Amino acid sequence: MQHYSGNQAYLKDLNMMSTLRQIRTHGLISRAQLADILRLNRSTITSIVNELLERKLVKEVGSGASKSGRPPTLIQFNNEIAYSVCVDMGSRQTKIYITDLGGKLFYEHSIDHCSKNPRAQIFRIIKIIKEKLAELPAKELGLFGIGIAVTGPVIDKKIVSSHNLEWNDVPVYNYFSEEFDCPIIIDNDANAGLIAENYFGIAIGEQNFCYLRIGRGISAGIFVNGEVYRGSEGFAGRIGHMSVDKYGKKCICGNRGCLETYVSEKALIERYLELTGSHASIDQFQTREIFNLINQSDTNAMIALHEMAEYLGMGIANIINFLNPNLIVIGGSITSISSKLFNPLNNIVQQSKLALFKGNIKFSSLGENSIRLGMISLVLDNIFSTPTIKV
């Protein structure tokens, strides 16, 4: 974000950033439509678009429909002008993606997570990114930005406490900023999924909705009046540590009966092993195995699923009654069993929520793309954010 002391410079960049945001959001748009949306005169829009064309941030891509007269020339954001990097730090693996600004994938790589030496792990990631960028064909604006998604809260650009990563107070931003001269955005994976749904998924245009990411744990991204709600200290959405049974299972956070102990991949596997009387270690049982059993309607796997649905339904009902969102989107690995989970989950929610709720519960269709697309959007949102006046 740039800072200005002169009003003319500020207004010019404000109008340019607003124009870029509209072009990117709409996909294809004419100069006349931009002028109407932004309430700027045609000559101002023409001047802004010409400058954006000169800088190759946008491009002209044919003509639009016209009721009379000459068809308008359509403008499109130039996704191909630069690379973007997404680093998805999961509890078991870190995934590295290199894309263009529209999410087109050029490179994907996974490495096992290392909890013992965060600094060494991060510099290993940095090395991979640098080596691959050097191999790829050069783009005019090079590397536009890096988005880093993590499990757990991010405060002051640090991973404060991630139980799943087993990292505490890791200065991720500092490590990356020492090596890359570009914007670096760090956020939790639920917020990344939330943004992806709003730009690319089933929540396009929604102003008030929640995104639940269910995998190794469960967390929430919250969208209120068109903005990500982060709370006063930045860790809103930790729904996994909402207590649903004060005498319940011990959670990794130290408390008992947290929602995450009943709603997660781990909880589902643990309950299945209990029902079957198996002595197998949870680490020996792969997530895909329990998902396959559920999709095959295995009796014990379905019992475990229905029990999980009860707790998830309670959590969702609490969100509905407290936040009144228009939509709840469920994402993460759990979408692999969405066809089996939806009916029992919906029944529980219908019994528990307020009768006034008219919204919907839907499963994400973005799959593994959600984190990558969300972090690209967060990087671009930051770059095209409103400039501020220096006082």
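Preceding this section is the structure that the text describes.
Structural notes, computed from the coordinates.

Analysis parameters
Starting from 1, residues in each chain are numbered consecutively following that chain's sequence as written. Under the rules for a predicted model, residues below a pLDDT of 70 receive no local features and side-chain atom pairs below 80 are neither given nor counted, while totals for whole chains, interfaces and linings still include all residues. Remark: hydrogens and water are excluded; side-chain values derive from all non-hydrogen atoms of the structure. For two strands to be treated as a pair, DSSP must find at least two bridges joining them. The helix and strand labels rest on DSSP assignments: H or I over at least four residues marks a helix, E over at least two residues marks a strand, and numbering proceeds from the N terminus. Should any heavy atoms of two residues lie within 4.5 Å, those residues are considered in contact. Angular values range over 0 to 180 degrees, each being the angle between N-to-C directions of two axes fitted as lines to C-alpha atoms, with helices fitted over their stretch in contact. Residues enter a nonpolar core if they are buried and are Ala, Val, Leu, Ile, Met, Phe, Trp, Tyr or Cys, with the set joined through side-chain atoms within 4.5 Å. When accessible area is computed with a 1.4 Å probe and restricted to protein chains, residues below 20% of their type maximum are described as buried, those above 50% as exposed, and intermediate ones as partly exposed. Stacked, edge-to-face and tilted are the three classes for Phe, Tyr and Trp ring pairs, Trp counted by its six-membered ring, which pair at centre distances within 6.5 Å; planes under 30 degrees apart are stacked, over 60 edge-to-face, the rest tilted. Two limits define a charge over a ring: the Lys NZ or Arg CZ must be within 6 Å of the ring centre, and within 35 degrees of the ring normal. In this description, a disulfide is simply a cysteine sulfur pair whose atoms lie within 2.5 Å. Here a salt bridge means any side-chain nitrogen of Lys or Arg lying within 4 Å of a carboxyl oxygen belonging to Asp or Glu.

Read from one edge of the open sheet, 5 strands run β15-β14-β13-β16-β17, paired in mixed fashion. Sheet topology places β15 (227-228) and β17 (360-363) at the edges, where each strand pairs with a single neighbour. With 6 bridges connecting them, strand β13 (residues 209-214) and strand β14 (residues 218-224) associate as antiparallel partners. Within β14, the residue paired with Arg-213 across the bridge is Ser-219. With respect to the sheet, helix α6 (residues 189-199) is in contact with β13, β14, β15 and β16 (327-331), its orientation differing from that of β14 by roughly 45°. Seen against the sheet, helix α10 (residues 338-352) touches β16 and β17 and runs at an angle of roughly 160° to β17.

The next point concerns the nonpolar core. Counting 39 residues, the largest nonpolar core has Ile-290, Leu-312, Ile-316, Ile-328, Ile-330 and Leu-341 as the members making the most contacts within it. Looking at this core, the elements that each hand over two or more residues are β13, β14, α7 (265-276), α8 (287-295), α9 (299-323), β16, α10 and β17. Element by element, the count of residues in this core is highest for α9, at 10 residues. When sequence neighbours within four positions are dropped, the list of residues in contact with Ile-328 reads Cys-210, Leu-212, Ile-316, Ile-319, Ile-320, Asn-360, Ile-361 and Lys-362.

With the rule as written, the count across this model stands at 9 aromatic pairs. An angle of 55° between the planes, with centres 5.3 Å apart, marks the rings of Phe-209 and Phe-223 as tilted. With Phe-209 in strand β13 and Phe-223 in strand β14, this pair connects stretches of sequence that are 14 residues apart. In this structure, Phe-209 and Phe-223 share a single accessibility class: buried. Ring-pair connections join several aromatic residues into one group, and the members of that group are Phe-77, Phe-144 and Phe-384. Over the ring of Tyr-199 we find Arg-24, and its NZ or CZ is 4.6 Å from the ring centre.

Burial of strand β5 (residues 83-89) is extensive: 7 of the 7 residues sit out of reach of the surface. Residues Tyr-83, Val-85, Val-87 and Met-89 line one face of β5 and the alternating positions Ser-84, Cys-86 and Asp-88 line the opposite face, and both faces are buried. Note: β5 against strand β6 (residues 93-100), 7 bridges, orientation antiparallel. Of the residues in β6, the one forming a bridge with Asp-88 is Lys-95.

Applying the stated criterion to the full structure yields 0 disulfides. Free cysteine Cys-86: the closest other cysteine sulfur is in Cys-182, separated by 13 Å.

Here the focus is the sheet that holds β5. Paired through their backbone hydrogen bonds, the strands of a sheet run either parallel or antiparallel. Strand order in the open sheet made by the 5 strands is β7-β6-β5-β8-β12, with mixed pairing throughout. One side of each edge strand has no neighbouring strand; the edge strands of this open sheet are β7 (105-112) and β12 (184-188). On average, adjacent strands in this sheet sit at an angle of 15° to one another, irrespective of strand direction. Where β6 lies against β7, 7 bridges are found, and the strand directions are antiparallel. Its bridge partner being in β7, Thr-94 is matched across the sheet by Ile-111. Its contacts with the sheet place helix α4 (residues 118-135) against β5, β6, β7 and β8 (143-150), and it is angled at close to 155° to β7. Sitting on the sheet, α6 touches β8 and β12, and the angle it makes with β12 is about 100°.

Summed over the entire model, instances satisfying the criterion amount to 13 salt bridges. A salt bridge links Glu-60 to Arg-31; the nearest nitrogen and oxygen atoms lie 2.7 Å apart. Pair noted here: Glu-60 is in strand β3 (residues 58-63) and Arg-31 is in helix α2 (residues 31-38), with a separation of 29 residues, a long-range link. Arg-213 serves as the salt-bridge partner of Asp-189, at 3.4 Å between the closest nitrogen and oxygen. Placement of Asp-189 in helix α6 and of Arg-213 in strand β13 is noted, with a sequence separation of 24 residues between them. Of the two residues, Asp-189 and Arg-213, both sit in the buried class. Residues joined in a network through salt bridges with shared partners are Arg-271, Glu-274 and Glu-307.

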